[in-house]
Amino acid sequence: MNFHVLTLFPQMILDGMNTSIMGRAIDRGKLSVDAVNIRDFSTNKHMKVDDYTYGGGAGMLMQAAPVCAAYRSIEERIGKKPRVIYLTPQGRVFNQSMAWEFAQEDELVFLCGHYEGIDERALQLIVTDYVSIGDYVLTGGELPAMVVMDAVARLVPGVLNNNESAQFESFHDNLLEYPQYTRPEEFEGMKVPDILLSGDHAKVEQWRLEQSIERTRKFRPDLYEKYIQEHPPTAKKKKHH
Ligand code: 6GU
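Residues numbered from 1 in each chain as written. Predicted model: local features only at pLDDT ≥ 70, side-chain atom pairs only at ≥ 80, totals over all residues. Heavy atoms only, no water.

## Overview of the pairing of strand β1 (residues 2-7)
Selection rule: Between buried and exposed lies partly exposed: a residue is buried under 20% and exposed over 50% of the maximum accessible area for its type, with that area taken using a 1.4 Å probe on protein chains only. The way it works is that DSSP assigns letters per residue, a run of H or I at least four long becomes a helix, a run of E at least two long becomes a strand, and they are numbered from the N terminus. Strand pairing follows a simple DSSP-based rule, namely that at least 2 bridges must link the two strands.
Summarising burial for β1: 5 of the 6 residues are buried, a large majority. Sheet topology note: the β1/strand β2 (residues 32-37) ladder contains 6 bridges and is parallel. Among the inter-strand pairings, Leu 6 is bridged to a residue of β2, identified as Val 36.

Right under this line is the structure:
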């Protein structure tokens, strides 16, 4: 998977992505991240990339020309028209199924806005997907781009170790994860649940599923409803409440 990020702050992207599991995956050749500085494509003598908005109002807007020129440099380099994800609070709210969808691509471009946004004509010309990471406002698209890249990258084959496989985990099946424990058996008077020490694998699995269901019901009733729709409680099984 090759990520390309259009940004005014390339160092922020490179610093964030060359660390920990992402950094390891880059070193192993499973991922690449390049940050293209939109300012390098300004034709203004002061390397300006923003201007006032037509119609008035507060703030500055990123101009269409440097954004499009920066994008086209990527298109020419990779020799195809990739999906271009614009990070914006106006976008579709990112979730795990979108991460799986993006993970099917070989190349992904992320467009990070700043100031009050980007000239609408640049967006019309190059953007294929509008994505938000939640209902709050940030100062720019760099952190959202890194959030989406992290979620997508860990689904790319070879990025995670086998035993940290992305297949079985939170949001698989709309359930939250069950509680986990490591040594010691007792910490500040709190014991690890007996069932986890029993060695009865089937009982452990049953307990974990019950814990997942109960946590989801308590903390994420919206996800719980989806889970119940796909797994209606039967007379035989234990009730979920
Ligand atoms: Cl994608 N961008 C900005 N600037 N703020 C956000 C966001 C994106 N998602 C949530 N808030």
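## Quick notes on the domain arrangement of the protein
Formally: Where each domain starts and ends comes from a domain assignment, either automatic or drawn from a database.
Taken domain by domain, the protein consists of domain 1 (2-153) and domain 2 (168-234). A straight line from the C-alpha centre of domain 1 to that of domain 2 covers 37 Å.

## Observations concerning the side chain of His 114
Inclusion rule: Under the rule applied, a polar contact is a pair of N or O atoms within 3.5 Å (in protein, one hydrogen donor and one hydrogen acceptor; residues adjacent in sequence only if both atoms are side-chain atoms). Any two residues whose heavy atoms approach within 4.5 Å are treated as being in contact.
Structurally, His 114 can be placed in the loop between β6 (107-112) and α5 (120-126). A distance of 3.5 Å separates a polar atom in the side chain of His 114 from the backbone oxygen of Thr 139. In contact with His 114, not counting residues within four places along its chain, are Leu 8, Phe 9, Met 62, Thr 139, Gly 140 and Glu 142.

## Things to note about the packing of aromatic side chains
Ring pairs (aromatic) are described by centroid distance and by the angle formed between their planes. What counts, and what does not: Between rings of Phe, Tyr and Trp, where Trp is taken as its six-membered ring, a pair exists when centres lie within 6.5 Å; planes separated by under 30 degrees are stacked, by over 60 edge-to-face, and by other angles tilted.
Within the structure shown, the criterion is met by 3 aromatic pairs. On the numbers, 5.7 Å between centres and 65° between planes, the contact of Phe 3 with Phe 110 is edge-to-face. Remark: Phe 110 occurs in strand β6 and Phe 3 occurs in strand β1; sequence separation between them is 107 residues. Each ring, one from Tyr 86 and one from Tyr 130, has its centre 6.0 Å from the other, and the planes form 80°; the classification is edge-to-face. Taken as a pair, Tyr 86 in strand β5 (residues 83-93) and Tyr 130 in strand β7 (residues 129-132) lie far apart in primary sequence, 44 residues in all. According to the relative accessible area criterion, Tyr 86 is buried, its value standing at 8%.

## Considering the site of the ligand
Note the following rule: One heavy atom within 4 Å of a molecule or strand makes the whole residue count as near it. Accessible surface area values rest on a Shrake-Rupley calculation with a 1.4 Å probe, where residue burial reflects the displayed protein chains alone.
The environment of the ligand is made up of Leu 87, Thr 88, Pro 89, Val 131, Ser 132, Ile 133, Gly 134, Tyr 136, Leu 138, Gly 140 and Pro 144. In this structure, a nitrogen atom belonging to the ligand sits 3.0 Å away from a main-chain N or O atom of Ile 133. Tyr 136 places a polar main-chain atom, nitrogen or oxygen, 2.5 Å from a nitrogen atom of the ligand. Protein contacts shield 95% of the accessible area of the ligand, which totals 290 Å² for the unbound molecule. Looking at the shell around the ligand, the elements that each hand over two or more residues are β5 and β7. Broken down by element, the shell around the ligand gets its largest block of residues, 3 residues, from β5.

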